[in-house]
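Structural overview for review
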Amino acid sequence: MDFAFDARTEELRGRLLAFMDEHVYPAERTAHEQRAALASPWDTPAVVEELKAEARRQGLWNLFLPDTEHGAGLTNLQYAPLAEISGRSPQLAPTALNCAAPDTGNMEVLAQFGTEEQRKRWLRPLLAGEIRSAFAMTEPDVASSDATNITTHIRREGDSYVITGRKWYISGAMNPDCRVFIVMGKTDPDGPDVRRQQSMVLVPRDTPGVEVRRAMTVYGYEDHYHGGHAEVVLDEARVPVENLVGEEGGGFAIAQARLGPGRIHHCMRLIGMAERAIDLMCERAVHRTAFGKPLAAQGVVQQWIADARVTVEQLRLLVLKTAWLMDTVGNKGAHTEIQAIKIATPRAVVDILDRAVQVHGAGGVSQDFPLAELWAAARTLRLADGPDEVHQRSLARRELKRFA
Ligand SMILES: Cc1cc2nc3c(=O)[nH]c(=O)nc-3n(C[C@H](O)[C@H](O)[C@H](O)COP(=O)(O)OP(=O)(O)OC[C@H]3O[C@@H](n4cnc5c(N)ncnc54)[C@H](O)[C@@H]3O)c2cc1C
């Protein structure tokens, strides 16, 4: 077993680390200052566009997309350590590299299931970083972790689909650059197979009947860098039938396909967030003195640091193994491992961030350090892309099957 990264990964890691040091970290403060001066907090600060242009110039662009026609052609195993590095500055780096959710998942869907025309109209500008997109599945009125519950109705009328429903926590939708939503709804609500009732359609933001109603917060944060999370109401929104993604009844299967890579990308970035938390924790502990000695000399703080390092090493190995399995046996064959990392990573990283907050005292919960916001972001990943309990249930069922 070889634990070294291959030459291409090492070369990209070196370039990405330099890009983070030279461009991304220095831009964090600038982005905050520029955002404060924007007419709307949902607009994109100029420095983000500058970062995108620089990343593209350096070839650090669309690294997430394994197909060589549209993306960088990296395997999951090659992309994993790069996504981890971008996770150290989750507000800026993934967007700078055009590797941010939910656009990544939407680009994968369009690359895999889109028609020629859909790719031309939506995939091309997304790959160029000219527009953003959103994925609209979750609904406030039903338990949406069970996608068969979705009630949004997609009715066929001649050459159109007419869509009515209410969605919330639709990431990215507050950003005016978000020009299109992939909406999941039911084309056949009474069909006998509950997993064939759903379809996905592309709904341009400016379609009459589409209302981005309000921003949903995350522990009070508006998540401006991710384009917020919106409640979106569709009231008889009409789109041409050509906007169907894949086939009628194929929505559930596309949603499953979309979430595999998305989950591992989140876990990779979470490990980067944990590494940043460890750095901040150590730096603070070394420079802050209480009761006559640095915090770093306190046994309890050393224990937190050691535990955090052990946990991160364990998580990284599991994430890399999962990436390798996805590359070698496919997403289906890596099902158990994808679920395992989705269960293990967010909760462990939330814990590490919490310890880092503790070491910082009041500063830890303040706006002067990134920890509070990182904690809130990591905590949401115990819900988004499937709550822990849903993954645990499905993983346990597969284990039990062997004994039935
Ligand atoms: C920050 C953020 C961003 C998001 N972005 C998007 C987005 O872009 N697009 C989108 O469509 N959605 C998005 N979501 C929504 C997310 O995917 C859903 O919140 C998630 O799927 C859970 O659905 P729900 O909120 O309806 O919870 P529910 O389905 O109501 O579940 C509530 C709780 O019930 C428990 N539960 C459910 N099923 C089981 C089970 N089988 N066994 C045991 N316990 C169970 C779990 O503890 C679960 O947390 C986002 C959410 C957040 C917080």
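Residues numbered from 1 in each chain as written. Predicted model: local features only at pLDDT ≥ 70, side-chain atom pairs only at ≥ 80, totals over all residues. Heavy atoms only, no water.

**Description of the UniProt feature "domain: Acyl-CoA dehydrogenase/oxidase C-terminal" (unreviewed entry) in the protein chain**
Per the UniProt entry, the sites bearing "domain: Acyl-CoA dehydrogenase/oxidase C-terminal" (unreviewed entry) are residues 249–398 in this numbering. With 79% helix and 3% strand, residues 249–398 has its two end C-alpha atoms placed 26 Å apart. (UniProt positions renumbered as here; feature names shortened; annotations may be inferred. Helix = DSSP H or I, 4+ residues; strand = E, 2+ residues; numbered from the N terminus.)

**A look at the packing of helix H7 (residues 251–287) against helix H9 (residues 335–359)**
Any two packed helices are characterised by the angle at which their axes cross and by the distance between the axes. Where H7 meets H9, the closest approach of the two axes is 9 Å, and the angle between their N-to-C directions is 20°. Between H7 and H9, the angle is such that the two are roughly parallel. In this structure, the crossing between H7 and H9 has a hand that is left-handed. Here the contact of H7 with H9 is built from residues that sort into 18 nonpolar, 2 polar and 4 charged. (Axes fitted to C-alpha atoms, helices over the stretch in contact; angles between N-to-C directions. Parallel < 35°, antiparallel > 145°, perpendicular 65-115°, else oblique. Left-handed = near helix turned anticlockwise from the far one by under 90°. Nonpolar A, V, L, I, M, F, W, Y, C, P; charged D, E, K, R; others polar.)

**So, the packing of H9 against helix H11 (residues 388–401)**
Relative orientation of the contacting elements H9 and H11 amounts to 145°, with a least axis distance of 9 Å. Considering only the axes of H9 and H11, their crossing is left-handed. For the pair H9 and H11, the contacting residues are His335, Thr336, Gln339, Ala340, Lys342, Ile343 and Arg347 in the first and Asp388, His391, Gln392, Ser394, Leu395 and Arg398 in the second. Split by residue class, the contact of H9 with H11 holds 3 nonpolar, 6 polar and 4 charged. (Contact = heavy atoms within 4.5 Å.)

**Focus on unusual backbone geometry**
Residue Pro102 is reached from Ala101 by a cis peptide bond, and omega for that bond is 0°. Unlike most non-glycine residues, Tyr169 shows phi in positive territory, near 55°. Taking relative accessible area as the criterion, Tyr169 reaches 35% and is therefore assigned partly exposed. You will see that Asp223, though not glycine, has its phi angle at about 50°, which is positive. (Buried < 20%, exposed > 50% of the residue type's maximum accessible area, 1.4 Å probe, protein only.)

**Quick word on the pairing of strand E5 (residues 198–204)**
Counting buried positions over the 7 residues of E5 gives 7, a clear majority of the element. Alternating positions in E5 separate into two faces, Gln198, Met200, Leu202 and Pro204 on one and Ser199, Val201 and Val203 on the other, with burial throughout. As judged from the 7 bridges shared by strand E4 (residues 178–186) and E5, these two strands associate in the antiparallel manner. Within E5, the position partnered with Gly185 by the bridge is Ser199. Bridging between E5 and strand E8 (residues 244–245) involves 2 bridges; their strand directions are antiparallel. Within E8, the position partnered with Met200 by the bridge is Val245. (Pairing = 2+ DSSP bridges.)

**Things to note about the nonpolar core**
Considering soluble globular proteins, one finds that nonpolar side chains tend to be buried as a cluster. Counting residues in each nonpolar core, the largest one holds 89 residues, and the members touching the most others are Phe19, Tyr79, Leu92, Met200 and Leu353. Aside from chain neighbours lying at most four places away, what touches Leu92 is Val24, Ala27, Glu28, Ala31, Val48, Leu51 and Tyr225. (Core = buried A, V, L, I, M, F, W, Y, C linked by side-chain atoms within 4.5 Å.)

**Brief notes about the pattern of salt bridges**
Under the definition given, this model contains 25 salt bridges. Two residues, Arg15 and Glu11, come together in a salt bridge whose shortest N-O distance is 2.7 Å. Remark: Glu11 and Arg15 occur in helix H1 (residues 7–36); sequence separation between them is 4 residues, near one turn of the helix. Its relative accessible area of 31% is what places Arg15 among the partly exposed residues. Salt bridges sharing partners connect three or more residues here, namely Asp141, Arg166, Glu211, Arg213, Arg214 and Glu231. (Salt bridge = Lys/Arg side-chain N within 4 Å of Asp/Glu carboxyl O.)

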